[in-house]
Every structure is written in structure tokens, then in C-alpha cells.
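Listed below, chain by chain, are the residues.
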Amino acid sequence: MKNILLIGATGFLGSALACRLASADFCLTLPTRRPERARHLAVLPTARLVAADVHDEATLTRLMAGQDAVVNLVGILKGNFQRVHVELPGKVGRAAAVAGVPRLLHVSALAATDDAPSQYLKSKAAGEAALRTAYPAATIFRPSVIFGRGDSFLTLFARLLKLAPVVPLACADARFQPVWVEDVVSALVAALERPDSRGQIYPLCGPREYALRELVAYAGELSGHPRTIVGLPFPLAMLQAFFMELLPNGPLTRDNVRSMEAPNVCPAGCTLPFGLEATPLEAVAPAYLS
């Protein structure tokens, strides 16, 4: 297996996966609507950037010709969930089936269910269903929140903590089981070489659960900006999110708050697949937050 189409390669997880695959001499096709935003990937020796709209099904089918595997990593935290999380996976699955692609991997989200409290999680579940209808052998991954250098999770908290001596925090007791981006990449790469992963769904979590307030406090400690954290009750959390939605690129939406009502943790005793060992947050975060 040498030729891989990465959809969503310019994002945080996609960039890490592209670097790992390129270092292993896989030939990568990286579609993007804005090639100028993917200059960091253009230097990869086995990568080819292609200006393309992946929401066009005919374009997807053309891009998949001759590919040994397709990996869909596209996801958003706000915006048109129906288009990105539901319709796109269906298009990817149908195009892969038409093109005869042998392997298809898809990154969804932990706690994605039809009865989830948020549109984000519901749309992720609907996207899985659309994908499996079109391509039943797809391998699906459901990671908890992903951390690592350049993330939009702990790094965002560390930046926000510089701005205020007291932090009013929505969903302070929400549960997360953060997983290192390189562990997620390792699981994806391993699945490409394992025929027994076809049609399987894998949750991906780190070794420990945390309350959100613990994670925010830890980010403040490492970045040198420890702060007092005040947990907000749900009505105030929704009000805070409402006003943040009015800001350009606001860090929180009401749907994000609803998502945090569902524990973002793996079942008890769950481990990473394929014999991989999860890396503790404390072994990685100090290197990029200090």
C-alpha cells in the first residue's frame, strides 16, 4: 500500500498524519481549496497538493483513482454540520466504492450517537451511518479530545489564561480523556496495514480521565499563568456561549456547551487498538506549554 488520499490533511491531525506517512515513503495526495494555506505540507517529499473542492462528488471520484487508501479527517466544531459531517462522509463513501478503493478510514468523535445532546455529536453519528451505508468496510475512529503541539485545546486555554485573573468556565466538571495526536496517528497508520480492521469502530483515549477544570488549571500551571477557575452553572454557561458566538472566531458556542454534557471518555478498561500504549498527557504537554 503506497498511494493514499488524505482529505482534511491541512488540519491539526491531518498535518501530523501526513508527516508520519511521508516519512514512511507513502505517496500522498492532499486536496485543499486553498493551497497557500498548506505550505507546511508542500515540503513533504512524497506529498502532492491538489487544488480541489472535496465536497464535489465527481472530484472525489477522480482524486480516488489509483489510490490504495482514503482517509477522511474533515471535522468542524461550529458551522454547517450537515454539509461537513453528514453529507461529506456519504460522498466520500460513494466515491470510494465507485473508484474501487481497497481501504477507507474515517475519523469521527467519541460520544457520537443519534440521541447525543448536541448537533455536533448527532451529525458525527449521522455521518458514520452515511459512510457505512455507502462503504460498509470503512474503519471508523472515535477519539476523545486530541492534544499536542499546535492543538486548539490546551494551547487555547493557555492563551486565554493570560488575559484574566479569574476564569469563568462553562462545564467545569465535564469529563475528558485526552489522547495524544501522535497516538491517534499511530492507530491510523496501523489500521492501514491490518485487514482485520475493516468495518471496525475504535474509540481512542488517553490513559486518564480529567474534569475540564483540571485541564484548564494544568494549562495555566504549565504556561506560567495559574488562575482562579469559577465553574458556571448551565444557564450561565449557555449565556456566556451566546455572547462568545457573536465574536469573530469565538472560542465557544452553545452547541459546544451541549456537547460537554456527554462524558468524553472511553468505556472502563478500554485501551488503544493494535497493542498501542497511550501516552500520558503529563509526558507531552510540558514540552509545548511551558
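The structure displayed is predicted, hence computed values, not measured ones.

(A) Just the overall build of the protein chain, in detail. Within the protein chain, the secondary structure is distributed over 11 helices and 13 strands. Computed over C-alpha atoms, the radius of gyration of the protein chain comes to 19 Å, within 12% of the 19 Å expected from 2.2 N^0.38 for 290 residues, which places it in the range of a compact globule. Dimensions of the protein chain, computed from the C-alpha atoms along their principal axes, are close to 55 × 40 × 35 Å. Burial analysis of the protein chain (290 residues in total) assigns 51% to the buried set. Pairs at least 24 apart in sequence give 76% of the contacts found in the protein chain among residues at least 6 apart. With an accessible surface of roughly 13000 Å², the protein chain has 56% of that area assigned to carbon and sulfur atoms. The distance from the centre of the 28 positive side-chain charges to the centre of the 24 negative ones in the protein chain is 5 Å.

(B) Main features of the packing of aromatic side chains. One pass over the full model with this rule turns up 6 aromatic pairs. On the numbers, 5.2 Å between centres and 65 degrees between planes, the contact of Phe153 with Phe157 is edge-to-face. Grouping residues by exposure puts Phe153 and Phe157 together as buried. Taken together, Phe141, Tyr202 and Phe274 form an aromatic cluster joined through their ring pairs. In this structure, Lys2 packs its charged tip against the face of Phe26, placed 5.6 Å from the ring centre.

(C) Structural detail: a nonpolar patch on the surface. The grouping of Leu236, Leu239, Phe242, Phe243 and Leu246 at the surface amounts to a nonpolar patch, some 480 Å² of accessible area in total. Relative accessible area serves as the criterion here: at 58%, Leu246 is assigned to the exposed category.

(D) Main features of the packing of helix H4 (residues 81-99) against helix H5 (residues 119-134). Packing of H4 against H5 leaves a shortest axis separation of 8 Å and a crossing angle of 15 degrees. Taken together, the axes of H4 and H5 are roughly parallel relative to one another. At the point where H4 passes H5, the crossing takes the right-handed sense. Two secondary-structure elements touch here, H4 through Phe81, His85, Val86, Pro89, Gly90, Gly93, Arg94 and Ala97 and H5 through Gln119, Tyr120, Ser123, Lys124, Ala126, Gly127, Ala130, Leu131 and Ala134. Considering only residue class, the contact of H4 with H5 consists of 9 nonpolar, 6 polar and 2 charged.

(E) Spatial organisation of the sheet that holds strand S2 (residues 27-32). The 7 strands lie next to each other as S3-S2-S1-S4-S5-S6-S11, forming an open sheet whose pairing is parallel. One side of each edge strand has no neighbouring strand; the edge strands of this open sheet are strand S3 (47-51) and strand S11 (201-204). Averaged over all pairs of adjacent strands, the angle between their axes in this sheet comes to 20 degrees, without regard to strand direction. Bridge count between strand S5 (residues 103-107) and strand S6 (residues 139-143): 3 bridges; the pairing is parallel.

(F) Examining the pattern of salt bridges more closely. A full pass over the atoms with the stated rule returns 9 salt bridges. A salt bridge links Glu128 to Arg142, with the shortest nitrogen-to-oxygen separation between them at 2.6 Å. Residue Glu128 is located in helix H5, and its partner Arg142 is located in strand S6; the two are separated by 14 residues in the primary sequence. In this structure, the salt-bridge partner of Glu214 is Arg208, at a minimum N-O distance of 3.6 Å. When salt bridges with common partners are traced through the structure, they connect Arg208, Glu214 and Glu282 into a single cluster.

(G) Region of the structure containing unusual backbone geometry. Phi at Asp25 takes a positive value of approximately 70 degrees, unusual for a residue other than glycine. A relative accessible area of 48% places Asp25 in the partly exposed class. With a phi close to 55 degrees, Asn249 is a non-glycine residue in the positive phi region. As for its position among the elements, Asn249 is in the loop between helix H9 (234-245) and helix H10 (254-259). Taking the relative accessible area as the measure of exposure, Asn249 reaches 73% and is therefore exposed.

(H) Structural context of the state of the cysteines. For the structure shown, the criterion picks out 1 disulfide. For Cys205, the disulfide goes to Cys266, at an S-S distance of 2.0 Å. Because the torsion about its S-S bond is 90 degrees, the bridge between Cys205 and Cys266 counts as right-handed. With a gap of 61 residues between them, Cys205 in the loop between S11 and strand S12 (210-211) and Cys266 in the loop between H10 and helix H11 (285-289) connect regions that are remote in the sequence. By relative accessible area, which is 7% here, Cys266 ends up buried. Lacking any disulfide linkage, Cys27 is separated from the closest cysteine sulfur, that of Cys19, by 16 Å. Considering cysteine sulfurs only, Cys205 is the nearest to Cys171, which forms no disulfide, with 18 Å between them.

(I) Region of interest: the environment of Ala137. Within the element layout of this structure, Ala137 appears in the loop between H5 and S6. Along the chain, Ala137 and Ser197 lie 60 residues apart, while their C-alpha atoms are 8.7 Å from each other.

Calculation rules
- Throughout, a residue's number is its position along its own chain's written sequence, starting from 1.
- Local features in a predicted model are, by the rule used here, given only for residues with pLDDT of at least 70; side-chain atom pairs are given and counted only at 80 or more, and totals for whole chains, interfaces and linings are based on all residues.
- Excluded from the side-chain calculations are hydrogens and water; all other atoms, namely the structure's heavy atoms, are used.
- Numbering of helices and strands runs from the N terminus, with a helix taken as a DSSP run of H or I at least four residues long and a strand as a DSSP run of E at least two residues long.
- Throughout, radius of gyration means the C-alpha value; the globule benchmark is 2.2 Å times the number of residues raised to the power 0.38.
- The buried label goes to any residue with under 20% of its type's maximum accessible area, the exposed label to any with over 50%, and the partly exposed label to all in between, with areas taken from a 1.4 Å probe on protein chains only.
- Note on definitions: a residue-residue contact is assigned when non-hydrogen atoms from the two residues lie within 4.5 Å.
- The Shrake-Rupley method, run with a 1.4 Å probe sphere, supplies the accessible areas, and residue values consider only the shown protein chains as cover.
- We treat Lys and Arg as the positive residues and Asp and Glu as the negative residues; His and chain ends play no part in the count.
- Lysine's charge is taken at NZ, arginine's at CZ, aspartate's at CG and glutamate's at CD.
- Only rings of Phe, Tyr and Trp enter the pairing, Trp through its six-membered ring, and a pair is recorded when the two centres are within 6.5 Å. The plane angle decides the type: under 30 degrees is stacked, over 60 is edge-to-face, the rest tilted.
- In this analysis the charged atom, NZ for Lys or CZ for Arg, is taken to sit over a ring once it is within 6 Å of the ring centre and within 35 degrees of the ring normal.
- Exposure above 30% relative accessible area and the lack of any salt bridge qualify a residue for a patch; like charges then connect within 9 Å, and the nonpolar side chains Val, Leu, Ile, Met, Phe, Trp and Tyr within 5 Å.
- The salt bridge criterion pairs a side-chain nitrogen of Lys or Arg with a carboxyl oxygen of Asp or Glu, the two atoms within 4 Å.
- For every element, the axis is a line fit to its C-alpha atoms; helices are fit only across the contacting stretch, and the angle between N-to-C directions ranges from 0 to 180 degrees.
- Relative orientations are named as follows: roughly parallel for angles under 35 degrees, roughly antiparallel for angles over 145 degrees, roughly perpendicular for angles from 65 to 115 degrees, and oblique for any other angle.
- Take the far helix as the reference: if the near one is turned anticlockwise from it by less than a right angle, the crossing is left-handed, and if turned clockwise, right-handed.
- As a working rule, the residues Ala, Val, Leu, Ile, Met, Phe, Trp, Tyr, Cys and Pro are called nonpolar, Asp, Glu, Lys and Arg charged, and the rest polar, with Gly in that last group.
- For two strands to be treated as a pair, DSSP must find at least two bridges joining them.
- Cysteine sulfur atoms are paired as a disulfide whenever they come within 2.5 Å of each other.

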